[in-house]
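Working through the structure, step by step
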Amino acid sequence: MGDTGDTEELVTNGYDSNEEEEPITAQKVLEILEKAWQNEKLAPDILPQQTEMLDLMMGQLSYMEESTKQLDKNDFRSVAHRMELERIRYLIASYLRCRLSKIENFTQAIINDEESRSLRDKRLSDEEAAFAREYLSNVETHFQQLVLRHLPRSFPDDPRKRIVQPNVDSHVFIRANENVDGVVVRDDEEEVDLESGSQHIVIYKLIEELVMKGKVDLI
């Protein structure tokens, strides 16, 4: 990541919110976001947003842009830094677009799940939650004007039957980041021990918790 990890030290609560507050470098923040981006692209359901990491990286981007302005445009370091800035911007934009796409595809299901979670377990940022509610309202209004008002009053309309759910029963590829014992990998409750670095094909819903805890990654 060039000079990102050397320019300054960022302070956060870390990747695991249960850990004590400890310093974290810009390079570590980028690694966390890259992993979150990869998992988000491959997970059928929406994962918790890395809001804090995004805020830290956006601040770091501003710092890097100011530092780059001080370099001569013909300096190779300036070119390298600008390429790195563009790479990071692409990563963040792609990550957020992926999440918005899921919200648009599974709006009602995501809202319902989010409302059932405690404040600590929320997966959407405040902005994403507001977007989801507004998007759902617009879709329902459009559906009412385009379809429902042209149907007979006696036509049965159950909004619950129109909810599109993420396919958490789909199979995914995973790589274990550490040894994990007694993991259920099939609906018949067969258990296996995952060795660090090993790769497996499993049903997503059975290992979703491991993905969110960082014990396995989707590949």
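All figures in this text were calculated on a predicted structure; none of them were measured in a lab.

Turning our attention to the overall build of the protein chain. A count of helices and strands for the protein chain gives seven helices and seven strands. Sorting the 219 residues of the protein chain into buried and exposed places 36% on the buried side. The contacts of the protein chain with a sequence gap of at least 6 include a subset with a gap of at least 24, amounting to 64%.

Let us look at the side chain of Glu128. For Glu128, the location among the structural elements is in helix 6 (residues 126–146). At 3.0 Å, the side chain of Glu128 and the side chain of Gln49 are in polar contact. Residues within four places of Glu128 in sequence aside, it is in contact with Gln49, Arg99, Ile103 and Arg123.

Assignment of secondary structure puts Leu56 in helix 3 (residues 51–69). Considered as a pair, Leu56 and Val29 are 27 residues apart in the sequence and their alpha carbons are 7.5 Å apart.

Time to look at the confidence of the model for the protein chain. Here the protein chain shows a mean pLDDT of 86. Residues at 70 or above account for 85%. Ranking the elements of the protein chain by mean pLDDT puts helix 1 (residues 4–7) last, at 42, and strand 7 (residues 216–218) first, at 97. Below pLDDT 50 for its whole length, residues 1–9 participates in 20 contacts with residues either more than four positions away or in separate chains.

A word on the packing of aromatic side chains. Under the definition given, this model contains two aromatic pairs. Ring centres of Trp37 and Tyr90 lie 6.3 Å apart, and the angle between their planes is 85°; this geometry places the pair in the edge-to-face category. One end of the pair, Trp37, is in helix 2 (residues 26–42); the other, Tyr90, is in helix 4 (residues 76–105), with 53 residues separating them in the sequence. Note that Lys41 overlies the ring of Trp37, its terminal NZ or CZ placed 4.0 Å from the centroid.

For the rest of this paragraph, the subject is the pairing of strand 3 (residues 171–176). Regular strands place side chains that alternate from one sheet face to the opposite one. Alternating residues of strand 3 divide into Val172, Ile174 and Ala176, all buried, and His171, Phe173 and Arg175, none buried. Note that strand 3 and strand 6 (residues 199–203) share five bridges and pair antiparallel. Bridge pairing in strand 6 links Ile174 to His200. In this structure, strand 3 lies alongside strand 7, joined through three bridges in antiparallel fashion. Looking across to strand 7, one finds that Ile174 is bridged to Leu218.

The subject of this paragraph is the packing of helix 2 against helix 4. Between helix 2 and helix 4, the shortest axis-to-axis distance is 10 Å and the interhelical angle comes to 35°. With respect to the hand of their crossing, helix 2 and helix 4 are arranged in left-handed fashion. For the pair helix 2 and helix 4, contact is made by Leu30, Leu33, Glu34, Ala36, Trp37, Glu40 and Lys41 and by Glu84, Arg87, Ile88, Tyr90, Leu91, Ser94, Tyr95, Cys98, Arg99 and Lys102, respectively. Grouping the amino acids of the contact of helix 2 with helix 4 by side-chain chemistry returns nine nonpolar, one polar and seven charged.

Across three bridges, the pairing between strand 4 (residues 180–184) and strand 5 (residues 191–194) is antiparallel. Bridge assignment links Val184 to a residue of strand 5, and that residue is Glu191. Joining the antiparallel neighbours strand 4 and strand 5 is a turn of six residues, in which Glu189 adopts a positive phi near 65°.

Relative to each other, helix 2 and helix 3 sit at 130°, their axes nearing to 10 Å. In terms of orientation, helix 2 and helix 3 fall into the oblique class. With respect to the hand of their crossing, helix 2 and helix 3 are arranged in left-handed fashion. Each of Ala26, Val29, Leu30, Ile32 and Leu33 in helix 2 lies in contact with helix 3, whose residues at this interface are Met53, Leu54, Leu56, Met57 and Gln60. Considered class by class, the residues forming the contact of helix 2 with helix 3 number nine nonpolar, one polar and no charged.

Okay, the sheet that holds strand 3 next. Working definition: the strands of a sheet are paired by backbone hydrogen bonds and lie parallel or antiparallel to each other. As summarised here, the arrangement of the three strands in space is 6-3-7, forming an open sheet in which the pairing is antiparallel. Where the open sheet ends on each side, the last strands, each with one partner, are strand 6 and strand 7. The mean inter-strand angle of the sheet, taken between neighbouring strand axes irrespective of direction, is 40°. Packed on one face of the sheet, helix 2 meets strand 3 and strand 7 and runs near 60° to strand 7.

Quick notes on the rules
- Residues numbered from 1 in each chain as written.
- Predicted model: local features only at pLDDT ≥ 70, side-chain atom pairs only at ≥ 80, totals over all residues.
- Heavy atoms only, no water.
- Helix = DSSP H or I, 4+ residues; strand = E, 2+ residues; numbered from the N terminus.
- Buried < 20%, exposed > 50% of the residue type's maximum accessible area, 1.4 Å probe, protein only.
- Contact = heavy atoms within 4.5 Å.
- Polar contact = N/O pair within 3.5 Å; in protein donor to acceptor, adjacent residues only side chain to side chain.
- pLDDT = per-residue confidence, 0-100.
- Phe/Tyr/Trp six-rings, centres within 6.5 Å; stacked < 30°, edge-to-face > 60°.
- Lys NZ or Arg CZ within 6 Å of the ring centre and 35° of its normal.
- Pairing = 2+ DSSP bridges.
- Axes fitted to C-alpha atoms, helices over the stretch in contact; angles between N-to-C directions.
- Left-handed = near helix turned anticlockwise from the far one by under 90°.
- Nonpolar A, V, L, I, M, F, W, Y, C, P; charged D, E, K, R; others polar.
- Parallel < 35°, antiparallel > 145°, perpendicular 65-115°, else oblique.

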